[in-house]
Structures are given as C-alpha cells and as structure tokens.
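Coordinate inspection notes
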Amino acid sequence: MKDTLRILTTLECNLSCSYCCNNLFKFKQKYLIDLDLEYTNICITGGEPLLPNKIHLLKDILLTNELLDENIFILPKIYIYTNGIYLSYSLLNFILSFNNVKGINIGIHPDSKNQILLTYKYLCESNKIRFMIEDKYRSIIKYAENKELNYITWTRNECNMPNEDWILLKDK
Ligand code: SF4
C-alpha cells in the first residue's frame, strides 16, 4: 500500500527546467471530489502550484482536507512543493494557517537561484520551510549552511518515487 498521494494541481509552470520529472510520466487525471485522500501524506505540487491562475486548486485541497472528519480516519500530513517565485508573505501565512500543512519545500532552480537570497529573511522564521538544492550547486549549499537554513539536496534524474501515487488534478 502506497502511503503518499502526490497531487499535481497543474502541469503549467513559470520555469521550464530541462530536467523536469513531469516530462517522463503520463498522469492519471481526477477531479478533487473523486480523490481518495486516505493517505498518510499528501504532496501538492505541479507544475507550479502557486501560479496565480492555479492557486485556487491548492486552496481547494487545503479546505477539503480541513473538512475531512478526523473521527473517520487519520488526517494526512500535507507537504507543498514550489519554486517559491510566487510565495508572498501573505500567501505563506495563509498556507501555514492550516494545521495539517507540515512543510513547504522550495526548489532552487537555475532561473531562480537568487531567490534564496530574497526569501530567507522572512521564510526562515518558519521551521516548516525547507529549501531543496540540487547537489551540484555547492556554493548555494554552502550559503544555506552558513545561514543555518533548513535544506536537503537532490540529485538530477531521480524521479521515481516508489511509495507514491501521482494524480493530475482536473480543473473545472
Ligand atoms: S520549477 Fe519544477 S515543475 Fe517547474 S519546470 Fe522546473 S522542475 Fe518542472
């Protein structure tokens, strides 16, 4: 039994990274109302889930999850994956107002490397923020270490997640 549901709210993105894992798969598509949310973890990703024209889908998932009856099953932990470019302070506070959101993972990509400089000042106040840095970016890893940022490294082309079901969310 897989323990994680990865919901892609969209395949649209404001970046176009050559190594994007989304180029490798064909996705099952479902409406939110048809999704089985009885997983230990729900990862919300894309594409870019914070795109202004797609953010309503992320909000719908957070609100739906909050309405689930915790007497019936254990509520899943929610993790959000974003390139962070649209992550404003108010949006961050909105997302973190949902208790089940356990982490916001910000990927540092070639077109957004400087973003780590812009965001850490206010983002690091939340221990739910984690930066995801490709292992070849040694200088950024060093920077993150020096600033005592919460980060993990990742390796290109490691796209397979054997413990996850992947669903592309259908919009109306
Ligand atoms: S930011 Fe993420 S989703 Fe967007 S193109 Fe790059 S790897 Fe793909």
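Overview of the structure. (Residues numbered from 1 in each chain as written. Predicted model: local features only at pLDDT ≥ 70, side-chain atom pairs only at ≥ 80, totals over all residues.)

Moving on, we come to the overall build of the protein chain. Summing up its helical and strand segments, the protein chain has four helices and eight strands in all. When the helices and strands of the protein chain are placed in sequence order, the string is β-β-β-α-β-α-β-α-β-α-β-β. Taken over 172 residues, the protein chain has a buried fraction of 28%. When contacts within the protein chain are restricted to residue pairs at least 6 apart in sequence, those whose partners lie at least 24 apart make up 78%. (Helix = DSSP H or I, 4+ residues; strand = E, 2+ residues; numbered from the N terminus. Buried ≥ 20, exposed ≤ 12 C-beta atoms within 10 Å, placed from the backbone. Contact = placed C-beta atoms within 7 Å.)

Taken together, eight strands build an open sheet; the order of strands is β2-β8-β1-β3-β4-β5-β6-β7 and the sheet is parallel. Looking along the sheet, the strands with just one partner apiece sit at the ends: β2 (28-30) and β7 (151-154). Neighbouring strand axes in the sheet, compared pairwise and without regard to direction, differ in orientation by 30 degrees on average. Where strand β3 (residues 41-45) and strand β4 (residues 77-82) come together, four bridges link them in parallel fashion. Considered in β4, the bridge of Asn41 is made with Lys77. The strands that helix α4 (residues 138-146) touches are β5 (101-108), β6 (129-134) and β7; relative to β6, the one it contacts most, it runs at about 155 degrees. (Pairing = 2+ DSSP bridges. Axes fitted to C-alpha atoms, helices over the stretch in contact; angles between N-to-C directions.)

Neighbouring the ligand are Cys13, Leu15, Ser16, Cys17, Cys20, Asn22, Gly46, Gly47, Glu48, Asn83, Gly107 and His109. Looking at side-chain class alone, the shell around the ligand contains four nonpolar, seven polar and one charged residues. (Near = placed C-beta within 6 Å. Nonpolar A, V, L, I, M, F, W, Y, C, P; charged D, E, K, R; others polar.)

The next thing to look at is the nonpolar core. Core analysis: the largest hydrophobic core is formed by 31 residues, its most contacted members being Ile7, Ile42, Ile44, Ile80 and Phe131. Ignoring sequence-local partners within four residues, the contact set of Ile42 consists of Leu5, Ile7, Leu37, Pro76 and Ile78. (Core = buried A, V, L, I, M, F, W, Y, C linked by C-beta atoms within 7 Å.)

Turning our eyes to something else, we now look at the pairing of strand β8 (residues 164-169). As defined by bridge partners, strand β1 (residues 4-8) adjoins β8 across five bridges and the pair is classed as parallel. What sits directly across from Arg6, in β8, is Trp166. Of the strand pairs in this sheet, β2 and β8 are connected by three bridges, and their pairing is parallel. Note on β8: the bridge partner recorded for Lys30 is Leu169.

Relative to the helices and strands, Asp34 is located in the loop between β2 and β3. A count of 9 C-beta atoms within 10 Å places Asp34 in the exposed class. Residues Asp34 and Leu169 lie 135 residues apart in sequence; the distance between their C-alpha atoms is 9.9 Å.

A one-sided burial pattern is seen for β6, the buried positions being Ile129, Phe131 and Ile133 and the unburied ones Arg130, Met132 and Glu134. Summarising the sheet, β5 and β6 pair through five bridges and their orientation is parallel. Residue pairing in the sheet places Gly107 in a bridge with Met132 of β6. The pairing of β6 with β7 spans four bridges and is parallel. Bridging from a neighbouring strand, Glu134 pairs with Trp154 of β7. With α4 bridging β6 and the parallel β7, this β-α-β connection has right-handed handedness. (Right-handed = clockwise from strand over helix to strand, strands pointing away.)

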